[in-house]
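The chain contents come next:
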Protein chains: 2
Amino acid sequence: MKIKELGEFGFIDLIAKMTKPSSGVIKGIGDDCAVLPFNRSNYLLFTCDMLVEDVDFTSRDKPYLIGRKSLGVCLSDIAACGGTPCYAQVSLGLPEDTSSKRAVELYQGIISQAKQFEVKIVGGDVSRSEKLVINVSLLGLVKHKDLILRKGAREGDVIFVSGSLGGSIYGKHLTFTPRLKEVKYIVNNYKPNSMIDISDGLIQDLSHILKQSNKGAVVFQELVPVSASARKLEEALYMGEDFELLFTLGLSQARRLIKSKKNKQFTAIGSIIDKPRSLVLFNRQGKRINFNPDKMSSVKGYKHF
Amino acid sequence: MKIKELGEFGFIDLIAKMTKPSSGVIKGIGDDCAVLPFNRSNYLLFTCDMLVEDVDFTSRDKPYLIGRKSLGVCLSDIAACGGTPCYAQVSLGLPEDTSSKRAVELYQGIISQAKQFEVKIVGGDVSRSEKLVINVSLLGLVKHKDLILRKGAREGDVIFVSGSLGGSIYGKHLTFTPRLKEVKYIVNNYKPNSMIDISDGLIQDLSHILKQSNKGAVVFQELVPVSASARKLEEALYMGEDFELLFTLGLSQARRLIKSKKNKQFTAIGSIIDKPRSLVLFNRQGKRINFNPDKMSSVKGYKHF
């Protein structure tokens, strides 16, 4: 069997079974970050993301923006757990005919993103490689009380997204802003029951929340905020690379967020239901489309394999 | 200018200048691990290494051994700082025609290495990639008093290596044992002034110690323990991939280590001298070869560019 038949999430499930949960680890494989013991008031968050030429960017993209994206996707993971980023390591695989100028611009992009969010770059690795590959590993901290995982969604929760979705691969995937400020506002004023960042498409990422929370969801297609750069609604549902937040709030908190005059960036799109793992999408004609998040291959969205 | 003209270490120096030392970071770019604040008795160690197909291994190597190596090189970095490894993240870039069996064997290799040194695998990333790429990020802890950096070498220190060197690329680079047990013995019984792991060749890695310590060294070629797999002495001096420890001890401690009946694995090969950055190699004919570690391009050893 080839890895593409097993599928990206089939492979990750397999790895998670092989490694097993470890004692002393608050959360291991299967969330946006690993959550580790740190001190009396904070957990340590630990995440990594690998960007590969011709998959996550092309050789025609500006190296400065590729650099910004490589750290940005990790920052988005820290945001999705409610945390604050601290220290990064950068591994670069560079083709040997790369110009020094290009390599330096790439690194300037990483540094500018790091400065913006007060992240310290503390090390890395450089290797020769046929195609450009960048792996960023990021540490962050989160207060015990602020930690949000994928698994906490409750029946009756309202589902929210930040910003607008779709069409990111036409450009925004290189210039998006990791939602660290937004998540700070949320954890300081509300208590989300579950959260994930939308990297592989709204529906697919929601299905991770449902799977880990053992819940279902109803999503109203008409409520989904579609980005101006999306060419059709489907891109807001399935395309990925949005790096917006997807989270759930209990009913009374949800009402407060919707009413809040400060809220311009969060949109309610549906509800959590107690029908484990079924994902019902109402479209404009009132037709329902059902998904089974247990079979990730049946859930539309971005998959590497 | 191409990156290969700037050179691997020229590029790293440039990055180090761009990022600058940060307040609150005990040691950033330029050592085997980043050293970060943790608690009253320990520092947090943070390191990463990227292995690339056709550079660090070939598609003909056993995936299980490639997996073991990918974590092993990071374990060697933690050892070189005197620490104990704890948590790892694994990013995999996999060609889409990879068989599931091969991908699983690779991961089994990582897990077996992790179990051997009580490391917990807490997350990672999976991506499509033309060639196989593996990036491991590793966290560890080190007691404040046990931390060893590259920069502490003192005049009169004796230079030691663990094990034997050379010829590793003929096979041992896939089966080496990270020197965590050995470093534990050293930090529990001695107080090394500087340490590095030998990944790019004895002479080149020694030159990093000299550069950062602002010292020089005399090495006696005849004293260098040559591995049975090395085809000639030069391979023990310049080849790399040994993943042995290179460290310096003050004279009285050095005498104690040399006399110790328990010492079968550490060999004295020379001394630190107060002639900043000059590296003098006495060969069998008594001829001297001088290096200038400030010009890394003049120092023989493995370089990616």
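Analysis parameters
Residues numbered from 1 in each chain as written. Chains lettered and ligands numbered in written order. Predicted model: local features only at pLDDT ≥ 70, side-chain atom pairs only at ≥ 80, totals over all residues. Heavy atoms only, no water. Helix = DSSP H or I, 4+ residues; strand = E, 2+ residues; numbered from the N terminus. Buried < 20%, exposed > 50% of the residue type's maximum accessible area, 1.4 Å probe, protein only. Contact = heavy atoms within 4.5 Å. Domains from an automatic or database assignment. Buried area = accessible area lost by both parts, 1.4 Å probe. Salt bridge = Lys/Arg side-chain N within 4 Å of Asp/Glu carboxyl O. Polar contact = N/O pair within 3.5 Å; in protein donor to acceptor, adjacent residues only side chain to side chain. Least-squares fit on C-alpha atoms with pLDDT ≥ 70 in both. Core = buried A, V, L, I, M, F, W, Y, C linked by side-chain atoms within 4.5 Å. Lys, Arg positive; Asp, Glu negative; His and termini not counted. Pairing = 2+ DSSP bridges.

**Q** Talk me through the side chain of Lys215(B); I want residue IDs and the actual numbers.
**A** All names here are of chain B. For Lys 215, the location among the structural elements is in the loop between helix 6 (202-213) and strand 8 (216-220). A relative accessible area of 16% places Lys 215 in the buried class. Beyond its immediate stretch of four places on either side in the chain, Lys 215 contacts Ala 153, Arg 154, Glu 155, Leu 210, Ile 272, Ile 273, Asp 274, Lys 275, Pro 276, Arg 277 and Ser 278.

**Q** Outline the domain arrangement of chain A, supporting the account with residue identities and numerical values.
**A** Residue and element names in this part refer to chain A. Assigned domains of chain A: these are domain 1 (31-145) and domain 2 (148-298). With centres defined by C-alpha atoms, the gap from domain 1 to domain 2 works out at 24 Å. Domain 1 puts 24 residues into the contact, and the matching count from domain 2 is 22 residues. Here domain 1 and domain 2 share an interface that buries about 1,900 Å² over both sides, 56% of which is from carbon and sulfur atoms. Summed over the shared surface of domain 1 and domain 2, the result is 3 salt bridges. With a closest N to O distance of 3.3 Å, Asp 32 and Arg 150 form a salt bridge. At the surface where domain 1 touches domain 2, the tally comes to 8 residue pairs in polar contact (both at pLDDT 80 or more).

**Q** Can you lay out the interface of chain A and chain B for me, pointing to particular residues and giving the numbers?
**A** Across the contact, 69 residues belong to chain A and 69 residues belong to chain B. Counting the surface chain A buries against chain B, the share from its top three residues, Phe46(A), Met50(A) and Arg128(A), is 11%. If you look at where chain A meets chain B, you find 2 salt bridges. One salt bridge connects Lys131(B) with Glu130(A), and the closest N-O pair in it is separated by 3.3 Å. At the boundary of chain A with chain B, the tally comes to 25 residue pairs in polar contact (both at pLDDT 80 or more). The leading source of residues in the side of chain A that touches chain B is strand 4 (residues 120-128) of chain A, at 9 residues.

**Q** Would you mind going over the relation of the copies chain A and chain B in detail, with residue names and values included?
**A** Superposing chain A onto chain B takes a rotation of 180 degrees plus a shift of 0.0 Å along the axis, which leaves an RMSD of 0.0 Å. Overall, the copies show the geometry of a two-fold rotation axis. Here 100% of the interface residues in chain A have copies in chain B that are interface residues too; the copies meet face to matching face.

**Q** So what's going on with the nonpolar core? Residues and values would help.
**A** All names here are of chain B. Judged by nonpolar contacts, the single largest core of 60 residues is most densely connected at Leu 94, Phe 247 and Leu 257. Among the elements that make up this core, the one with the highest residue count is helix 3 (residues 63-80) (8 residues). Shared between two domains, this core holds at least three residues of each, these being domain 1 (31-145) and domain 2 (149-298). In this structure Phe 247 touches Val 158, Ile 159, Phe 160, Ile 186, Pro 192, Ser 194, Met 195, Leu 257 and Phe 266, once residues within four positions along its chain are discounted.

**Q** An account of the environment of Gly270(B) is needed here, citing residue identities and associated values.
**A** Residues and elements named next belong to chain B. Looking at the element boundaries, Gly 270 is found in strand 10 (residues 266-273). The class for Gly 270 is buried, based on a relative accessible area of 7%. Sequence-wise, Gly 270 and Arg 154 are 116 residues apart; in three dimensions their C-alpha atoms are separated by 13 Å.

**Q** Residue-level account of the environment of Ser127(A), with values.
**A** Mapped onto the fold, Ser127(A) is located in strand 4. Taking C-alpha positions, Ser127(A) is 6.2 Å from Leu92(A), a pair spaced 35 residues apart along the chain. Aside from chain neighbours lying at most four places away, what touches Ser127(A) is Leu92(A), Gly93(A), Leu94(A), Met50(B), Val52(B), Val55(B), Asp56(B), His304(B) and Phe305(B).

**Q** Account for the side chain of Glu8(A), with residues named and values stated.
**A** Within the fold, Glu8(A) resides in helix 2 (residues 8-19). For the buried Glu8(A), no salt bridge exists, and the shortest N-O distance to an oppositely charged side chain is 7.8 Å, to Lys303(A). Looking at Glu8(A), its side chain comes within polar contact range of the main-chain nitrogen of His304(A), at 2.7 Å. The contact partners of Glu8(A), leaving out residues within four places of it in the chain, are Lys303(A), His304(A), Phe305(A) and Val126(B).

**Q** Describe the pairing of strand 1 (residues 34-37) of chain B, with residues and values.
**A** Residue and element names in this part refer to chain B. Alignment of strand 1 against strand 2 (residues 42-52), held across 4 bridges, turns out to be antiparallel. The partner of Pro 37 across the bridge, within strand 2, is Tyr 43. Linking strand 1 back to strand 2 in an antiparallel pair, the connection comprises 4 residues.

**Q** If you had to explain unusual backbone geometry to someone new, which residues and values would you point to?
**A** Of note in this structure, Phe243(A) is not a glycine but carries a positive phi near 55 degrees. Among the structural elements, Phe243(A) can be located in the loop between helix 7 (233-238) and strand 9 (244-249). The exposure class assigned to Phe243(A) is buried, which follows from its relative accessible area of 4%. Its identity as a non-glycine residue notwithstanding, Glu241(B) has a phi of 70 degrees, on the positive side. Residue placement: Glu241(B) occurs in the loop between helix 7 (233-238) and strand 9 (244-249). For Glu241(B), a relative accessible area of 15% gives the class buried.

**Q** Go over the pattern of salt bridges, please, and point to the residues and values.
**A** Side chains that differ in sign of charge can pair as their charged atoms come close. Residue and element names in this part refer to chain A. Inspection of the entire model under this criterion finds 24 salt bridges over all chains. Measuring nitrogen to oxygen at the nearest pair gives 3.1 Å for the salt bridge that ties Glu 105 to Lys 101. Residue Glu 105 and its partner Lys 101 are located together in helix 4 (residues 100-116), separated by 4 residues, close to a single helical turn. On the basis of relative accessible area, Lys 101 is assigned to the exposed category, the value being 59%.

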